[in-house]
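Survey of secondary and tertiary structure
What follows is each chain in one-letter form.
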Number of protein chains: 2
Amino acid sequence: MTGAERTSVSRRKLFGMAGAGAALVGTGAAAGIGANRLLGGDSPAQAAQSVVEFHGEHQAGIVTPVQENLHFVALDVTTKDREKLVKLLRTWTDAARRMTAGQEVGTGGAVGGAPAAPPSDTGEALDLAASSLTLTIGFGPSLFDDRFGLASKRPAALIDLPLFPQDKLDPARGGGDVCIQACADDPQVAVHAIRNLVRLGFGVTAVRWSQLGFGRSSSTSRSQSTPRNLFGFKDGTRNVKAEETDVLRDQVWATAEDGQPWMAGGSYLVARRIRMHIETWDRESLKGQEGIVGRTKGAGAPLGQTAEFDTPDFQVGGAGGEKLIPDDSHVRLASHENLNGARILRRGYNFVDGSDGVGHLEAGLFFLAFNRDTRKQFVPMQQALSSKDAMMEYLQHTGSAHFAVPPGVREGGFWGEGLFS
Amino acid sequence: MTGAERTSVSRRKLFGMAGAGAALVGTGAAAGIGANRLLGGDSPAQAAQSVVEFHGEHQAGIVTPVQENLHFVALDVTTKDREKLVKLLRTWTDAARRMTAGQEVGTGGAVGGAPAAPPSDTGEALDLAASSLTLTIGFGPSLFDDRFGLASKRPAALIDLPLFPQDKLDPARGGGDVCIQACADDPQVAVHAIRNLVRLGFGVTAVRWSQLGFGRSSSTSRSQSTPRNLFGFKDGTRNVKAEETDVLRDQVWATAEDGQPWMAGGSYLVARRIRMHIETWDRESLKGQEGIVGRTKGAGAPLGQTAEFDTPDFQVGGAGGEKLIPDDSHVRLASHENLNGARILRRGYNFVDGSDGVGHLEAGLFFLAFNRDTRKQFVPMQQALSSKDAMMEYLQHTGSAHFAVPPGVREGGFWGEGLFS
Ligand code: HEM
Ligand code: HEM
């Protein structure tokens, strides 16, 4: 981060402080409001804490402790001009650098440009802190067709996902040449980032689909408490965590030897929009729900154990001899013990997208997972789940997409530099 | 609040504290996470601060300082049995009492009931603080048809809203016999509340439409900073504020003399889902945008003044003699100076509902406003705006609904008690 950038962060924090200060002298009810901003805005030291470093070996937004809010967008590239696309990637990277540091897009900002010109930033995050914003880019299989001469650079792991049993996919919620995942502790900050990137892409890319999420339905660090999904269960307990560097090396980060040197330090992202039939789930007994998941609902302990982080014992049987963690339970089928060691890093979010037109809420899990080789990890896992998981009765996969997530960006570099050079 | 309730609040806070503590020892990036929960969970005293009192002369969620997140649902009553509906209103009120106090729905809670029975609470808010949750009910015009014998109790102010110029209403996003507005500083808490109320209504009500919102697009208290809407402008500067008790009495709270004694202390809620064409807006110059709104984008000052809370001068002219706040600007047309003194209390939220299928984000403002007599306040205001406001070029009203919001509930009472007795 340059000195100039740091100054700008503080400027935004100062705006934030005014607001937070006002909230503090307010009523009890007001005191909870904008707490994230407060943490981000209290002092320069604390402000810096809410900035996640953009540069690095890997992109941020993968092992970064999961933020509270998501805005995810999949885009189609509407030009056939490779140079325009590369130029956009450079522009996007500069914008991402600035926004993740808590600054406006472009130097004029939201109000500092010429009055006769459209502002370079749209302004709705003007008073908000960086809020741990991360921006993560991915490239879909369709980008590697004949438009941009990238066919030979398509990683073998970037397969067209197979159709799984019971898939009911809506093409309007799947695919995409490019994706951008924005995660932040303030939804307005995530939405602002995606909106401004979409805007910069005008004439080169168009929105294909987009998804908002909340209540991070996973944890990716031992420093985080485990959140709950809309089935009311803790989600992320046995996720791959940032601290497990060996597992990350084996199961999350691609290497040059995997086939495509430009992907070294990158990963593969699977996105699945999964509708959850919460009304039916809610009529299932507590015991039934716990048997389907394979864990207790309160503590989140594996059945047969008492504490959340106890290691599941998949062999232990009950009085009648039947296994305590049932054969068709979700955690048994998804566990590495059942899948030749295959694991994934989950990073999903809960969603409610209005109602379904027949009297119910349209609720579910926007499943996001990173793995080193989707063919060997996500695919066999989802095959097992979609054919045997008792939970499938309550689920419907309605959207699907797959992206190659390139490695992190060096200072002065740009998103996908290795792919395009 | 009873002693038993207080204990339960603390129990939930204790769950929250464990999580928050864990986050605190985490990395810098993790420290911003769950900050609202932290504020709510730090100590019993602070925990109490995140609880908004449910009982009172007026329902909470009107003048309550606007919380960060919204889940709004409109329901159809599917039974013709008046007693069932009244029973549900009692059940809902008990549930609302408990949830706004940070407790689970029903005494068994999410995991404390019989294992062979479905849990009474769905569980996803188990570890979360009350987060300033408010739940506010309203009754739509259609409830006063011949099904429940309520025709003579329909307030004259609860009109079927007229079709305004340029309305492009989607019937699937409008109307409803009953609405419930959930506002909280954690989206999962708002969603949990609506989901559990919907669940309790099974067989009596069904979801007609529902809307999520974020980034409170208004402020209702002088203790709050003014947030920004998706046009990047501060929104709520000249809103009616909780501190203006005289204005509230004149313009927000209905009285017995207004015609229906059961509405004394209540209000009328207008909901409008307004799509904002952000792509076109973003191509407008800064000066153009400011002229359309009638305020500056940075400080939010009225044109011709310098600070946000300066009083607009609608007469002051520029060098060329033209008015600084243009005739077709939003704030001029919406101001009480232009509307025979009529004002409204705005309480809207920003939304992004995925994408529109033709390359754009589906973004906008979910406009919520409370007034004492919609015929004399919202209707003339929206007539003026829909026919003359320069901003209309960038807006599309896609959903519309109107509700009579009954007064607050006394201890032991229930939502709509006055209407049904
Ligand atoms: C809406 C759909 C889903 C729900 C509600 C759900 C819920 C859960 C829950 C409650 C757990 C236990 C806690 C934990 O260890 O995180 C879990 C574990 C897990 N889930 Fe899911 N899940 C869903 C979909 C999926 C999908 C599509 C996959 C991958 C194809 C998956 C992979 C896993 C894995 C790998 C684990 C850890 C298993 C272990 O090692 O114990 N889940 N899930
Ligand atoms: C997406 C649509 C809308 C946007 C983006 C918008 C934006 C704004 C902005 C930026 C302000 C100035 C700051 C303030 O005093 O709050 C404002 C003021 C106001 N708006 Fe809107 N507004 C919208 C729709 C409406 C509608 C539908 C109504 C009512 C029919 C309305 C009524 C008002 C009122 C009463 C004021 C205060 C005017 C004054 O006294 O100065 N707005 N709005």
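- As annotated in an unreviewed UniProt entry, chain A carries the name Deferrochelatase and is attributed to Amycolatopsis oliviviridis.
- Under the UniProt heading Subcellular location (unreviewed entry), the entry covering chain A gives this text: "Cell envelope".

**Observations regarding the overall build of chain A**
- Each helix and strand in chain A was counted, giving twelve helices and nine strands.
- A burial count over chain A gives 63% of its 421 residues as buried.
- For chain A, restricting intrachain contacts to residue pairs at least 6 apart in sequence, the fraction spanning at least 24 positions comes to 76%.
- For chain A, the accessible area works out to roughly 14600 Å², and carbon and sulfur atoms hold 55% of it.

**Remarks on the packing of aromatic side chains**
Residue and element names in this part refer to chain B.
- For the structure shown, the criterion picks out 26 aromatic pairs over all chains.
- Between F54 and W415, the ring centres sit 5.9 Å apart and the planes meet at 55°, which makes this aromatic pair tilted. With F54 in the loop between α4 (44-49) and β1 (69-77) and W415 in the loop between β9 (395-405) and α12 (417-420), this residue pair connects regions lying 361 residues apart in the sequence. Across this residue pair, the class does not change: F54 and W415 are buried.
- With a centroid separation of 5.9 Å and 90° between ring planes, the pair formed by F164 and F378 is classed as edge-to-face. Taken together, the positions of F164 in the loop between β2 (134-139) and β3 (178-184) and F378 in helix α11 (residues 378-388) put the pair 214 residues apart, joining distant regions of the chain. For the residue pair F164 and F378, the accessibility class agrees, reading buried in each case.

**What about the site of ligand 1?**
Residue and element names in this part refer to chain A.
- Taken together, 26 residues lie around ligand 1, and G236, T237, R238, H330 and R346 are the ones closest in.
- R238 has a polar backbone atom sitting 2.9 Å from an oxygen atom of ligand 1.
- Within the side chain of R346, one N or O atom sits 2.9 Å away from an oxygen atom of ligand 1.
- Contributing elements (two or more residues each) for the shell around ligand 1: β5 (267-276), α10 (330-334), β8 (361-371) and α11 (378-388).
- It is α11 that contributes the most residues to the shell around ligand 1, four residues altogether.
- Looking at side-chain class alone, the shell around ligand 1 contains 15 nonpolar, six polar and five charged residues.

**Things to note about the pairing of strand β7 (residues 349-355) of chain B**
Residue and element names in this part refer to chain B.
- Counted residue by residue, β7 has five buried out of seven residues, so it is predominantly covered.
- The pairing of β7 with strand β8 (residues 361-371) spans five bridges and is classified as antiparallel. For Y349, the partnering residue across the bridge sits in β8 and is F366.

**Re the coordination of the iron atom of ligand 1**
- Protein coordination of the iron atom of ligand 1 rests on one atom only, H330 of chain A (NE2), at 2.0 Å.
- Secondary-structure assignment places H330 of chain A in helix α10.

What counts and what doesn't
- Residues numbered from 1 in each chain as written.
- Chains lettered and ligands numbered in written order.
- Predicted model: local features only at pLDDT ≥ 70, side-chain atom pairs only at ≥ 80, totals over all residues.
- Heavy atoms only, no water.
- UniProt positions renumbered as here; feature names shortened; annotations may be inferred.
- Helix = DSSP H or I, 4+ residues; strand = E, 2+ residues; numbered from the N terminus.
- Buried < 20%, exposed > 50% of the residue type's maximum accessible area, 1.4 Å probe, protein only.
- Contact = heavy atoms within 4.5 Å.
- Areas by Shrake-Rupley, 256 points an atom, 1.4 Å probe, with all protein chains shown as cover.
- Phe/Tyr/Trp six-rings, centres within 6.5 Å; stacked < 30°, edge-to-face > 60°.
- Near = heavy atom within 4 Å.
- Polar contact = N/O pair within 3.5 Å; in protein donor to acceptor, adjacent residues only side chain to side chain.
- Nonpolar A, V, L, I, M, F, W, Y, C, P; charged D, E, K, R; others polar.
- Pairing = 2+ DSSP bridges.
- Donors = N, O, S within 2.8 Å, 3.2 Å for Na, K, Ca; no water.

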